[in-house]
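# Understanding the architecture of this molecule
Take a look at the letters that make up each chain.
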Amino acid sequence: MKRPVLSALVLLSGAGGLFLLFNTMQGCRPQTAQTVVSGDVASKVYIKPGSHDEFYNFVSGGFSGQMSVYGLPSGRLLRDIPVFSVDPENGWGYSEETKPMLMTTHGFIPWDDSHHVEASMTNGVPDGRYMFINGNNTPRVAMIDLKTFRTASIIEIPNSAGNHSSPFITPNSEYLVAGTRFSIPMGTDAQRDVPIETYKENFKGTVSFIKPDTATSTMSIAFQITTPAVDFDLAHAGKGPSDGWFFFSCYNTEQAYSLLEVNASQRDKDFIMAVNWKKAEQYAKEGKGKMIDGKHYMNHYDESVHSATSKVVDQVLQLDPKELTDLLYFMPCPKSPHGCDVDPTGEFIVGSGKLAATLPVFSFTKMQKAIADKDFDGDFVGIPVLKYESVLHGEVKKPGLGPLHTEFDNNGFAYSSMFVSSEIVKWNVKSLEVVDRVPTYYSIGHLCVPGGDSKQPWGKYVIAYNKITKDRYLPTGPELTQSAQLFSIDGDKMELLLDFPTTGEPHYAQAVPAELIKDKSTRFFKIEDNKHPYATKGEKEARVVREGNKVHVYMTCIRSHFAPDNIEGVKVGDEVYFHVTNLEQDWDVPHGFAMKGAPTAELLIMPGETQTLKWVPQSVGVKPFYCTDFCSALHQEMQGYLRVSPAGSNVPLKFETRSVDAGS
Amino acid sequence: MKTKITIGLAAATLTLAMASCGGANTDAPPGAKTPPPGAAATEAETKAPDNMITAADITLGDIDQTMASAGKGIYELKCQACHSVGTNRVVGPGWKGITERRKPEWIMNMMLNVDVMLDQDPEAQKMLEECLVRMPNQSLSKDDGRHVLEFMRTL
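Once that is clear, we can look at the overall build of chain B. Helix and strand content of chain B: eight helices and zero strands. Starting at the N terminus and walking to the C terminus, you meet the elements of chain B as α-α-α-α-α-α-α-α. Among the 155 residues that make up chain B, the fraction classed as buried is 28%. Taking the intrachain contacts of chain B between residues at least 6 apart in sequence as the baseline, contacts between residues at least 24 apart amount to 67%.

Listed below in structure tokens is the structure:
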């Protein structure tokens, strides 16, 4: 494809830098793959070997269903945390202990789509205890414990379809929300089995409020508010003066149910829905809701037993805003708003109409006044609509094309991503003036400033998560890595520092100072505290137990052998469970376990942990197993044999680890 | 040696640091100098020498059966996979008679400060050359170590 000529001015500086000053006219799409960097940026992102990054960056994996952790400013990938998808790297969703984590009312779901990362907060600031992320396709929310960097809990959201507007959090982690993207019919089978064309009559939306319990690292659904049938997109909680309120962007107020690309883009304005969640909480406490059908799974991984369990709940408390007043208000917002972001002061709410030519900024004070004065512009399906002019602080004029999301720094500036014009636009929240813009490569979606949706952003950087990669890296066939870009926001002008590849397709992300997390990181699990029912506490307890056609292998591993490593008496068709306990008590000494022909998977066992592989042998023979994680100079010797005899044979059960010299 | 940087002279510190980076122990096998990933102690982890057990820290009297029995429990959980209570080597050496072969503080330091010992103690390094598996740090407390020592005395 022919590329238009770069409209840039090249200046060579005697001070030793090559500067490219872009033509930064509004709406100017970046027209080259070349990176616009000044000469000294490498020193700003170079973390010398053995040194640590300043920030952790928790990034959603998008269609991978996982969450990735990068160091900033280096952009180094530190970890892919498995959440909503099975992970062959560590057995997530394959080991018996982790399988319940992916259970839903639809059965076991091996692959979902994860979109938005939110940090647990104390006093409106990320506290480094948990990250949360939504499962979009099969509606769920996950809670990731930052001591272990593991998924501690996953809760399914009933009466929801496409959990996109999630999992945003209130300033003291009182609630996480889950707003349904698709409105659907809900209730009994008869109420749900309706023609699609009865959308207006039978479909409803819901926003669910989830209560995280930090004492147990679990979550439960406190209540759901039913809403008119629209599509909910994104959300953010109020803070400071607006604490107690939640704001959700919604589109498709046309209530279309086909060809939404056209049919849901008809109205000049859709809405930001303001929810008085303190009021909702009060109604729920007063028993003013109704328990309705809402079967959902609550899955929790308990590190004391190194195992997950599922609990199924049948009903959910619903609040109906048609009966319970003062819960919901609609604020008109131009053209299919996407991002819905609240500034650090809590006074301003930014709605990003992705098809709009302006960025409206709403005032919480004005909203309160309009509600008090009943300054309404009619209603939408029974919910009051506030007058646009009465709640508007002002509009950012011609910010760029396709505004999507906004993050904030601690100096009164906002950073908005422009998908269509492919740029980040910096603007003053009070004066609404655009003060800077930089191109991104290419087509930015979400963006992230450390603490950028909190009361006290740390600032320093903005990271662009771009939707299109094209020629930024060496080509790898039709499938390319995704591309993030790191910009410095320390000065008046944003400065591109680094491109770094990301896995899956990042949507929202969080960045927090490493100090909040790194010293609390678990190094290994204490073997004394291992309460796994099949743990083997020392080699002396290693054994094989037959219960009918089930064979339980209580196996230990330590550098560098398994006990037992010779097993006989297993028969074709037996259900063999390898419960492998890693006896190591030092940091970074996992052992692996792989059994030839096991169609399930392998195991990776952290020090002090027990993990279980289920295997049903299909054929007769002596089958090898070995350690898959290079553990010592004698790792290659870490292996064993298991003899499989025909079904019904009389080979006695036998197990041992033989030493050359039995000694004593 | 990198944990001993209390010397004021930068040059002396540098020399020491270099020595610990492979300038010394040229006769050590490759396995000892470049332990496999995940097996080596990190700089931050290596305990400072002031945590080292000295002869003065240990009083040996008549065998205390309560301590020895606690030590046996720890042995079975954390040590038995590699050490027999006989004379034979499994992964590491058998423990029979070990308290006659080694000083009690040396034994305690192998249990509590194994990474420092493998970095600095010639006798420990000799054992590594023989066994080729770095003895794991099994996170024993000082009391745990003392109990295991008491158990060893019964062997």
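Turning to the packing of helix α5 (residues 104-112) of chain B against helix α8 (residues 142-153) of chain B, a few remarks are in order. Residues and elements named next belong to chain B. Interaxial distance between α5 and α8 falls to 10 Å at its minimum, and their mutual angle equals 130 degrees. Classified by the angle between their axes, α5 and α8 sit oblique to one another. Classified by chirality, the crossing of α8 by α5 is right-handed. Contacts between α5 and α8 involve P104, I107, M108, M111 and L112 from the first element and K142, G145, V148, L149 and M152 from the second.

Residues and elements named next belong to chain A. Every buried residue belonging to helix α6 (residues 364-372) is among F364, M367 and A370, and all of these are buried. Along the long axis of α6, the arc covered by the buried residues comes to 120 degrees, so they all point the same way. Those residues of α6 that are buried are in contact with β17 (269-276), β20 (328-334), β22 (348-353), β23 (358-363), β25 (383-386) and α7 (388-391). Once α6 ends, the next one or two residues include K374, with phi positive near 50 degrees.

Moving on: unusual backbone geometry. All names here are of chain A. Between L72 and the following residue, P73, the backbone shows a cis peptide bond with an omega angle of 15 degrees. For the peptide bond that leads from A563 to P564, omega is -5 degrees, which places it in the cis range. With a phi angle near 45 degrees, L259 is a residue other than glycine that sits in the positive phi range. As for its placement among the helices and strands, L259 is situated in the loop between β16 (245-251) and α4 (260-263). Look at L259 and you get exposed, because 9 C-beta atoms sit within 10 Å. One non-glycine residue with positive phi stands out, namely D588, at about 65 degrees.

Let us now look at the environment of B:Q65. Counting through the fold element by element, B:Q65 comes out in helix α3 (residues 65-79). Note: C-alpha distance between B:Q65 and B:T154 (89 residues apart in sequence) is 8.9 Å.

Of all hydrophobic cores here, the largest spans 192 residues; its most connected members are A:I144, A:F248, A:I272, A:V275, A:M331, A:V462 and A:F487. Sequence-distant contacts of A:V462, defined by excluding residues within four places in its chain, comprise A:E407, A:Y415, A:I424, A:L447, A:V449, A:F487, A:I489 and A:M494.

The rules we used
- Residues numbered from 1 in each chain as written.
- Chains lettered and ligands numbered in written order.
- Predicted model: local features only at pLDDT ≥ 70, side-chain atom pairs only at ≥ 80, totals over all residues.
- Helix = DSSP H or I, 4+ residues; strand = E, 2+ residues; numbered from the N terminus.
- Buried ≥ 20, exposed ≤ 12 C-beta atoms within 10 Å, placed from the backbone.
- Contact = placed C-beta atoms within 7 Å.
- Axes fitted to C-alpha atoms, helices over the stretch in contact; angles between N-to-C directions.
- Parallel < 35°, antiparallel > 145°, perpendicular 65-115°, else oblique.
- Left-handed = near helix turned anticlockwise from the far one by under 90°.
- Arc of directions from axis to C-beta.
- Core = buried A, V, L, I, M, F, W, Y, C linked by C-beta atoms within 7 Å.

Geometric descriptors of this kind do not, in isolation, establish any biological role.
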